[in-house]
2 protein chains.
Amino acid sequence: MKEALSAKPAQPANSVGLVSPKTQHFNEALTLESGSTLNGFDLVYETYGQLNADKSNAILICHALSGDHHVAGYHSDSDRKPGWWDSCVGPGKPIDTDKYFVIAPNNLGGCSGSTGPTTMNPDTGQPYGPEFPIVTVGDWVKSQAMLADVLGIERWAAVIGGSLGGMQVMQWSFDYPDRIRNAFVIAAAPKLSTQNIAFNEVARQAIMNDQDFHGGHYNEHNVVPNRGLMLARMLGHITYLSDDVLDEKFGRELRDGRIKFGYDVEFQVESYLRYQGRSFVDRFDANSYLLLTKCLDYFDPASRFGSLASAFRGATAKFYVISFSSDWRFSPARSREILRALLDADQDVTYAEIESKQGHDSFLMPIPRYHEVLRTALNRIHRKL
Amino acid sequence: MKEALSAKPAQPANSVGLVSPKTQHFNEALTLESGSTLNGFDLVYETYGQLNADKSNAILICHALSGDHHVAGYHSDSDRKPGWWDSCVGPGKPIDTDKYFVIAPNNLGGCSGSTGPTTMNPDTGQPYGPEFPIVTVGDWVKSQAMLADVLGIERWAAVIGGSLGGMQVMQWSFDYPDRIRNAFVIAAAPKLSTQNIAFNEVARQAIMNDQDFHGGHYNEHNVVPNRGLMLARMLGHITYLSDDVLDEKFGRELRDGRIKFGYDVEFQVESYLRYQGRSFVDRFDANSYLLLTKCLDYFDPASRFGSLASAFRGATAKFYVISFSSDWRFSPARSREILRALLDADQDVTYAEIESKQGHDSFLMPIPRYHEVLRTALNRIHRKL
């Protein structure tokens, strides 16, 4: 009886429910911005909702640094944690899967199934490891366009992404202006600041300095540079949260109620960070992490087009730019740079600065005004399809 | 002729010139806040200027995390770099050595000569290493008071310190209220924020995870955890500088003028950070660094006294609180917390928020308005001695 009860926990009614990733293989060679070529590749992706007859209701969701294709729903009945944006994507949710057909790929170079450092290099029969070429936001968008071709989607109703995902959304508007009707650029920046690059560099050094890194060939040595990757994640995590939310969550609370004059965990925030670091290494690959930080560093459309406004000049999408008051990684000032460039380029743009406490991570949170902005915009877009 | 010319480079006229550190040995045992005892200890210190007849013109300068006793002047004729606050301390400078007798000790637990992890443990005949007990701001101030006793200084004309040094200044006003006439609390905070502690924890983990750390016993293994200490310093350095000054200094400038799609240094800021990290490991000890970050974490007078205002209630000093607009490590808001507590405690306080670009490091910089505030206050104090 007990077993019968626990065997099939009901998923919430507004969940997309059980989902399975699909894999699309591409035989054609993909020439990357770096000049390297991938001789064929796989993209793993999930979809939610139904594509309508004229294929006009497709939304592409682009993930951020540590995200993947598992945006919503559950992979099994015993799965306790839904996809990373389940609060926003599902039946009746802001990105409403009763109305839209949502596609979420894992990006090239990632470590969740799409071709990357952990997958097999067909030329050698071994995992790519550190030999996997550095990809760019432009390369990602190119591969996403190839996936759209396969699925018969000529034009996205919307491309949506937060953080590094927002950079992909902008890139779509530069490279495939006719294939994107609406662009949602959330908690993003037109390029990394020097400070952003500096933090990325410390994270990379932490990984590459790990005695178990072996120049990226850790698999051959049957080890994993866990300590370096853990440090990188701990550091990243600090920059994802606001000072205030850390203070509110942990303050100066001591785990054992007293100072111990030693180097074991004393403050709750230390315990939290170590936990965050440890759980990350279980699901992420160090070579992928290095590569993704480089992808962030390199994104700089203004340098390619002369100015950010010039970059946006050819766009035909309507833009929605959203920022969060407590985000100090990509602050509202960075989103306003995007807004200003869009205005200078005479583009149609809506801008919302959302009051929030959670820092950069706000873009993942079910903040009522944020979800209302998305819901209202996507409902209006849907009525016009 | 050429040799004769280069043999004795003239030191600037307004420098304190050639200086030599002195060592004061204390035979008496020092019981620390942790409960541990040091059976005798040394304090290394420098002095500049002349103590007047009634010993009323002495100023104590307290150093910050990576500082030491070498505040001003040069150690030899071939010394190219003066002490860390040479811009502010010297004849005719804001802390005027024609008027004041300045004392600057290296703190216990440091690695510049005072008793600490790198000095000999008299009980074992070996360097203390990781066995050196964690000291607190209170322990430092106690040892500084013992030094004042030896030098016959009953009451400081002023105690001055930036950052962690400012915490020592506050501690003087709590623990020895009758021995400090004027307290200069610069770029400080009443306690670390959760984010500050989090960054310290990442720095500590970087050091302790280094394969060459050996639980702090690296000397016995004839190695040094350089990579971890370098990471800690790189990370620290980012938090000492403002986003703007990083952007201004380096922007997204590429060292070789082009993206190379690899993990060697590409952006100038990466090269700068690696250089900062590397030069730090030549002069600093990893066990000391760990200890000093803990000293920062533990400082929390409000928890000891019930509130910060209660902590200040017994003070008799006049306070000068100075903050810098671009400091995000200890922002002006943190200095305003100190100011508010002083006002609540009915203390005499002057507050100046200095417009600056250099972030937390501003307190080391010769910013005209900052130096003018110090000069004016110290001149007035001197007239009243």
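Residues numbered from 1 in each chain as written. Chains lettered and ligands numbered in written order. Predicted model: local features only at pLDDT ≥ 70, side-chain atom pairs only at ≥ 80, totals over all residues. Heavy atoms only, no water.

All names here are of chain A. UniProt feature "binding site: substrate" (unreviewed entry): in the numbering of this structure it lies at R233 and D361. Annotated residues spanning 129 residues; largest pairwise C-alpha distance 13.8 Å, indicating a single compact cluster. For R233, a relative accessible area of 9% gives the class buried. Sequence-distant contacts of R233, defined by excluding residues within four places in its chain, comprise S66, Y240, Q276, G277, F280 and R283. With respect to the element layout, D361 can be found in the loop between strand 12 (349–354) and helix 12 (368–383). If we skip the residues at most four places from it in the chain, D361 touches Y240 and L241. (UniProt positions renumbered as here; feature names shortened; annotations may be inferred. Buried < 20%, exposed > 50% of the residue type's maximum accessible area, 1.4 Å probe, protein only. Contact = heavy atoms within 4.5 Å. Helix = DSSP H or I, 4+ residues; strand = E, 2+ residues; numbered from the N terminus.)

Turning our attention to the relation of the copies chain A and chain B. Two copies of a chain can be linked by a rotation about an axis combined with a shift along that same axis. Each copy of the sequence occupies a distinct position, and chain A is placed on chain B by a rotation of 180° and an axial shift of 0.0 Å, giving an RMSD of 0.0 Å. Those values place the two copies in the arrangement expected of a two-fold rotation axis. Considering only C-alpha atoms, the residue of chain A closest to the rotation axis is Q211(A), which sits at 3.2 Å. Interface overlap between copies is the fraction of interface residues in one copy that are interface residues in the other; for chain A against chain B it reaches 100%, indicating a shared surface. (Least-squares fit on C-alpha atoms with pLDDT ≥ 70 in both.)

Attention now moves to the sheet that holds strand 11 (residues 318–324) of chain A. All names here are of chain A. Here 8 strands make up an open sheet; going across it, the order is 1-2-6-3-9-10-11-12 and the pairing mixed. If you trace the sheet from one side to the other, it starts and ends with strand 1 (22–31) and strand 12, each paired once. Sheet twist, expressed as the mean angle between neighbouring strand axes with direction ignored, is 20°. Here 4 bridges tie strand 9 (residues 158–162) to strand 10 (residues 182–186), and the two strands are oriented parallel to one another. (Pairing = 2+ DSSP bridges. Axes fitted to C-alpha atoms, helices over the stretch in contact; angles between N-to-C directions.)

A few words now on helix 12 (residues 368–383) of chain B. Residue and element names in this part refer to chain B. The end-to-end C-alpha distance of helix 12 is 22 Å, a good match for the 22 Å that 16 residues give at a rise of 1.5 Å each. When helix 12 is considered as a whole, its buried residues turn out to be Y370, H371, L374, A377, L378 and I381. Down the axis of helix 12, the buried set is contained in an arc of 135°. They therefore lie on one face. Projecting away from the buried face of helix 12 at angles above 90 degrees are the exposed residues P368 and R383. Its buried side turned inward, helix 12 meets strand 3 (58–62), strand 5 (95–96), strand 9 (158–162), strand 10 (182–186), strand 11 (318–324) and strand 12 (349–354). (Expected span 1.5 Å × (residues − 1). Arc of directions from axis to C-beta.)

Moving on, we get to the environment of A203(A). Residues and elements named next belong to chain A. Tracing the backbone shows A203 in helix 4 (residues 194–208). With a relative accessible area of 5%, A203 lands in the buried category. Between the C-alpha atoms of A203 and A309, which are 106 residues apart in sequence, the distance is 32 Å. Every residue in contact with A203, bar those within four places of it in the chain, is listed here: A232, L235 and Y289.

With that settled, the discussion passes to the sheet that holds strand 1 (residues 22–31) of chain B. Residues and elements named next belong to chain B. Taking strand neighbours across the sheet as the criterion, the 8 strands line up as 1-2-6-3-9-10-11-12 in an open arrangement whose pairing is mixed. Across the chains shown, the open sheet's two edge strands, defined by having one partner strand only, are strand 1 and strand 12. Between one strand and the next, the sheet's axes are offset by a mean angle of 20°, whatever the strand orientation. In this structure, strand 10 lies alongside strand 11, joined through 5 bridges in parallel fashion. Note that in strand 11 the partner of V185 across the bridge is V321. On top of the sheet, helix 3 (residues 164–175) reaches strand 3, strand 9, strand 10 and strand 11; it is set at about 150° to strand 9, its chief contact. Helix-sheet contacts for helix 11 (residues 332–344) involve strand 10, strand 11 and strand 12, and the interaxial angle to strand 12 is about 170°.

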